[in-house]
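# Structural description and commentary
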Amino acid sequence: MPEQPISDNLPVSAGALLGHRAFLFFLLSRSLSRFSSQIAAVAIGWQIYDLTGSAFDLGMVGLVQFLPTALLVFVAGHAADRYERKRVVQLCQLVEAATALYLATITYLGAVGEVQIFIATFVLGIAGAFESPTTAALLPLIAPQGSLQRATAISSGAAQVATITGPALGGFAYAVAPHLAYAVMVLFWVVGMILTGFIRPRPQAIAKEGTNSDNIFAGVRFIRGNPAILGTISLDLFAVLFGGVTALLPIYARDILQAGPVGLGVLRAAPAVGALLMTVVLARHAISRHVGLRMFQAVIVFGLATIVFALSPWMWLSVLSLAVLGAADTISVVIRFSLVQLSTPDEMRGRVGAVNFLFINASNQLGQFESGLTAALFGAMPAAVLGGVATVAVALLWMKLFPSLRKVESLE
């Protein structure tokens, strides 16, 4: 299998991409990391709710995981641009595996408490703050030229396979023995770390030390000067900040749908099922026209699906609405990622990606905190409905505020 780009000029088919050695190792490593992260979400969420019975504490998990991203965003981005990216990813996976081992041990010994879980969550947040922007900056050095959108779709699909399996396995493993879920996380992060070492990317561009492009805040200046990128990542921040219902899934599984930990795993996997189906479509048929408008339409569908889920008293409808939500989010993710990466010079992709990751984490993890807080104040169902309505409103507002983004016609 070739190590270098398959083609320098023509787009590469999905089948050819999967035969590209560096890209295949990237897919496997990223999927295993995602697998472990999704198991962690189920295990930590259920364990915290078991220990405290508090919706507010569920929201606090998201806040604790977000804080390292907010504190280290510029350092993480600079590291991705100054050091070999695959080595940075490997170090992050090693730290994550060690943290999962700690959780498995204290859970097995019966010494686990709320404070220990929050500390471990904080460490996982630190590793994720470095790993995510570095991984994002690594993909353009692996994907053949002209095929980043298709490579992004396949990469997202592979991660979604792990996201589907991860929560389901996490729920079953936790039901058997809570420490077993953490032990599986250790295994997958270690294997992912080994696979990352086999990746052979193209040479990485590094900004000259002491120049403006080497400045730790160069990514912020670049984003601020590019309205399309600013609109793209801020749309994700505010739309998902209000529309995310992930933090409320344990409440829905136990109190509303009465589905238990296995049902929680199914609910967490449902968005990934929809996302996977959509990535199959996008891997074969890239979005070639009206990409800006398609992104806004996808966010609106995301908000509407959130409202349906919030009001659903039936497990089948809840799963279906979460699947639609995941499919819509995938369209938005593929367009956002491709737009940001293709518009950013390689020597700045780490720092721009770190700022983008900050916005994504703010939407997901601060959104988890916001959901937990509003659920504690008003109840889970009203909080989820308000979130879906706010997501639709944000999408419509951003179409007016960023007309250049709405008019983006194509990516590659």
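Predicted model only: the values in this text are computed from it and were never measured. (Residues numbered from 1 in each chain as written. Predicted model: local features only at pLDDT ≥ 70, side-chain atom pairs only at ≥ 80, totals over all residues. Heavy atoms only, no water.)

### With respect to the overall build of the chain
Applied cut-off: By definition, any uninterrupted DSSP run of H or I lasting at least four residues is a helix, any uninterrupted run of E lasting at least two residues is a strand, and each is numbered from the N terminus. The contact criterion used throughout is that any non-hydrogen atoms of two residues lie within 4.5 Å. Here, Shrake-Rupley sampling with a 1.4 Å probe gives the accessible areas, and only protein chains in the shown set may cover a residue.
Looking only at helices and strands, one finds 16 helices and zero strands in the chain. Across the chain, the fraction of contacts at a sequence separation of at least 24, relative to all contacts at a separation of at least 6, is 87%. Looking at the chain as shown, the accessible area adds up to about 16,100 Å², and 69% of this sits on carbon and sulfur atoms.

### Structural notes on the UniProt feature "transmembrane region" (unreviewed entry) in the chain
Basically, it comes down to this: UniProt positions are given in the numbering used here, feature names are shortened, and annotations may be inferred rather than shown by experiment.
Under the present numbering, the feature "transmembrane region" (unreviewed entry) in UniProt falls on residues 55-76, 180-199, 228-253, 265-283, 295-316 and 375-398. With 100% helix and 0% strand, residues 55-76 has its two end C-alpha atoms placed 31 Å apart. Annotation note: span residues 375-398, helix share 96%, strand share 0%, distance between end C-alpha atoms 26 Å.

### Topic: the confidence of the model for the chain
Counted only if it meets this: Scored from 0 to 100, pLDDT reflects the predictor's confidence in each residue.
When pLDDT is averaged along the chain, the result is 80, and 89% of the positions lie at 70 or above. Per-element confidence in the chain is highest for helix α4 (residues 85-108), whose mean pLDDT is 93, and lowest for helix α1 (residues 14-18), whose mean pLDDT is 70.

### A few points about the pattern of salt bridges
We count it as follows: Definition used for salt bridges: Asp or Glu carboxyl oxygen within 4 Å of a side-chain nitrogen of Lys or Arg. Only protein chains enter the accessibility calculation, which uses a 1.4 Å probe. A residue is then buried if its area is under 20% of the maximum for its type, exposed if over 50%, and partly exposed in between.
Inspection of every chain in the model, using the stated rule, returns three salt bridges. The salt bridge involving D81 is made with R85; its shortest N-O contact spans 3.0 Å. Given the relative accessible area of 1%, R85 is considered buried. Across the pair D255 and R254 runs a salt bridge, and its minimum N-O distance is 3.2 Å. What makes D255 partly exposed here is its relative accessible area of 39%. Since its relative accessible area comes to 36%, R254 is described here as partly exposed.

### Quick notes on the packing of aromatic side chains
The geometry of an aromatic ring pair comes down to the distance between the two centres and the angle between the two planes. Using the following cut-off: Aromatic contacts are taken between Phe, Tyr and Trp rings whose centres are within 6.5 Å, Trp giving its six-membered ring; a plane angle under 30 degrees counts as stacked, one over 60 as edge-to-face, and the others as tilted.
Scanning all chains against the criterion turns up five aromatic pairs. Aromatic side chains W314 and W316 sit 6.4 Å apart centroid to centroid with 15° between the ring planes, which places their arrangement in the stacked category. Residue W316 is classed as exposed on the basis of its relative accessible area, which comes to 57%.

### Things to note about a nonpolar patch on the surface
As a reminder of what qualifies: Think of a patch as exposed residues, more than 30% relative accessible area, with no salt bridge, where like charges cluster within 9 Å and nonpolar side chains (Val, Leu, Ile, Met, Phe, Trp, Tyr) cluster within 5 Å.
A surface patch of nonpolar side chains, about 500 Å² in accessible area, is lined by F56, L373, L377, F378 and L386. If you tally residues by element for the nonpolar patch, the top one is helix α14 (residues 349-378), at three residues. If you trace the backbone, L377 turns up in helix α14.

### Some details on the packing of helix α12 (residues 291-311) against helix α13 (residues 315-342)
Where we set the bar: Note on method: axes are straight lines fitted to C-alpha atoms, helices fitted across the in-contact stretch only, with angles between N-to-C directions ranging 0 to 180 degrees. Each angle gets one of four labels, with under 35 degrees taken as roughly parallel, over 145 as roughly antiparallel, 65 to 115 as roughly perpendicular, and the rest as oblique. Crossings are classed by handedness, with left-handed meaning an anticlockwise turn of the near helix from the far one by less than a right angle and right-handed meaning a clockwise turn. We call Asp, Glu, Lys and Arg charged. Ala, Val, Leu, Ile, Met, Phe, Trp, Tyr, Cys and Pro are nonpolar, and the rest, Gly among them, are polar.
Direction vectors running N to C along α12 and α13 enclose 160°, while the axes themselves pass 8 Å from each other. With respect to their mutual orientation, α12 and α13 come out roughly antiparallel. α12 and α13 meet at a crossing whose hand is left-handed. Mapping the contact onto sequence places V291, R294, M295, A298, V299, V301, F302, A305, T306, V308 and F309 in α12 and L317, S318, S321, L322, V324, L325, A328, D329, I331, S332, I335 and R336 in α13. The class makeup of the residues in the contact of α12 with α13 is 16 nonpolar, four polar and three charged.

### Regarding the nonpolar core
Stated precisely, the cut-off is as follows: Definition used in this section: a nonpolar core is a set of buried Ala, Val, Leu, Ile, Met, Phe, Trp, Tyr and Cys residues joined via side-chain atoms within 4.5 Å.
Core analysis: the largest hydrophobic core is formed by 74 residues, its most contacted members being F23, I44 and L322. Top element by residues in this core is helix α2 (residues 21-52). It accounts for 15 residues. What L322 contacts, discounting residues up to four positions off in sequence, is V245, L249, L267, A270, P271 and F309. Counting residues in hydrophobic clusters, the runner-up holds 25 residues, among them L235, M278, A298 and F402.

### Brief notes about the packing of α12 against helix α15 (residues 380-401)
Running from N to C, α12 and α15 point in directions that differ by 165°, and their axes come no closer than 8 Å. The angle between α12 and α15 falls in the class roughly antiparallel. Between α12 and α15 lies a crossing whose hand is left-handed. Here L293, F296, V299, I300, F302, G303, L304, T306, I307, A310 and L311 of α12 come into contact with α15, specifically with M381, A384, V385, G388, V389, T391, V392, A395, L396, W398 and M399. Classifying every residue of the contact of α12 with α15 by side-chain character gives 18 nonpolar, four polar and no charged.

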